[in-house]
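A closer look at the structure
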Amino acid sequence: MSQTRHLEIAADLDNLKQVRDFIEETTQSAGLNHERTGELLLAVDEAVTNIIMHGCPGGGCAIELEFRGNPDACTIRIRDNATLFDPTVMPAPNLDIPPLERDVPGGFGVYLFEHLVDQTSYRTTPDGRNELTLLKRIN
Amino acid sequence: MSSTLRIAVSEEKGNVPVTILQLTGDLDGKTYSELETKAGEIINAGASNLLFDLSGVGFMGSAGMRALHGISNKIKTAGPNGSAGQMKLLNPSDAVSRVFKTLGFDQHFNIHRDLDEALKSF
């Protein structure tokens, strides 16, 4: 039997904590272990942070998170009305360059969330929003 | 309630004076600039040996890496006559270690598990 929970927030960095609290509460009730919860938490935070900082830097956007838990996996669906952008086609950063020698700090957000979850997919919804789906298996 | 980050600053004397920044809370897109700003103030005030105690970081995202990168750039010329200062990390929490390991960067930072050992290493 699956369970579904929703959270809607304004695209504002002040709301990152609320997003992480939502993920912790929902994954705990679904039985995801501590380590996997930490990984999913990091992935969702990266995705939402990117939407806020890069997709909607001037504010005024809305982000909707949907959690679905079933015995096999937790799925987080993130929909937003920020600038249309498919993060799954971003080139991977060159991790051979030591972090402290890179010219530009950062740039790891997309790499992080794709390597922390089991499945990632993106589409544009019929009503013109970004929709990013992250799946983390329970086992 | 939004993310919070507390930064407690203290000084210890090892082989050289070391400024310890003890972080408690979350290091994310909201708070990372506070760490950069604080470290910048400390460096501008003359400190060039910094030790970051990361045991109390409950959450760290890639923005935390961005902050550490920015600080390391400042440290490069923070020593006497523009020489390089030193920056080391103490007891990264699970959340911090997760980011380092996922990016494969844990080997690129000077990480210590014991405060005395860390201080002596400067």
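Please refer to the structure higher up on the page.
Residues numbered from 1 in each chain as written. Chains lettered and ligands numbered in written order. Predicted model: local features only at pLDDT ≥ 70, side-chain atom pairs only at ≥ 80, totals over all residues.

Further remarks concern the nonpolar core. Nonpolar side chains in soluble globular proteins generally cluster together in the buried interior. Among the nonpolar cores identified, the biggest contains 58 residues, and L40(A), A43(A), V44(A), A47(A), V48(A) and L27(B) are the most heavily contacted of them. Ranked by the residues each element gives to this core, the list is headed by helix α2 (residues 34–55) of chain A, at nine residues. Setting aside chain neighbours within four positions, we find V48(A) in contact with L16(A), V19(A), I63(A) and I78(A). (Core = buried A, V, L, I, M, F, W, Y, C linked by C-beta atoms within 7 Å. Buried ≥ 20, exposed ≤ 12 C-beta atoms within 10 Å, placed from the backbone. Helix = DSSP H or I, 4+ residues; strand = E, 2+ residues; numbered from the N terminus. Contact = placed C-beta atoms within 7 Å.)

Our focus in this paragraph is the sheet that holds strand β1 (residues 3–10) of chain A. Backbone hydrogen bonds hold the strands of a sheet together, and the pairing may be parallel or antiparallel. Residues and elements named next belong to chain A. Strand order in the open sheet formed by five strands is β1-β2-β3-β5-β4, and the pairing between neighbours is antiparallel. If you trace the sheet from one side to the other, it starts and ends with β1 and β4 (119–124), each paired once. Averaged over all pairs of adjacent strands, the angle between their axes in this sheet comes to 15°, without regard to strand direction. By the bridge criterion, eight bridges tie β1 to strand β2 (residues 62–69) in an arrangement that is antiparallel. Looking at β2, one finds that T4 is bridged to R68. (Pairing = 2+ DSSP bridges. Axes fitted to C-alpha atoms, helices over the stretch in contact; angles between N-to-C directions.)

To continue, consider unusual backbone geometry. All names here are of chain B. One non-glycine residue with positive phi stands out, namely N81, at about 55°. Locating N81 in the fold gives a position in the loop between α2 (62–75) and β4 (86–90). Of note, the phi angle at N91 is positive, near 45°, even though the residue is not glycine. With respect to the helices and strands, the residue N91 is situated in the loop between β4 and α3 (94–103). On the basis of neighbour counts, which here come to 18 C-beta atoms within 10 Å, the residue N91 falls in the partly exposed class.

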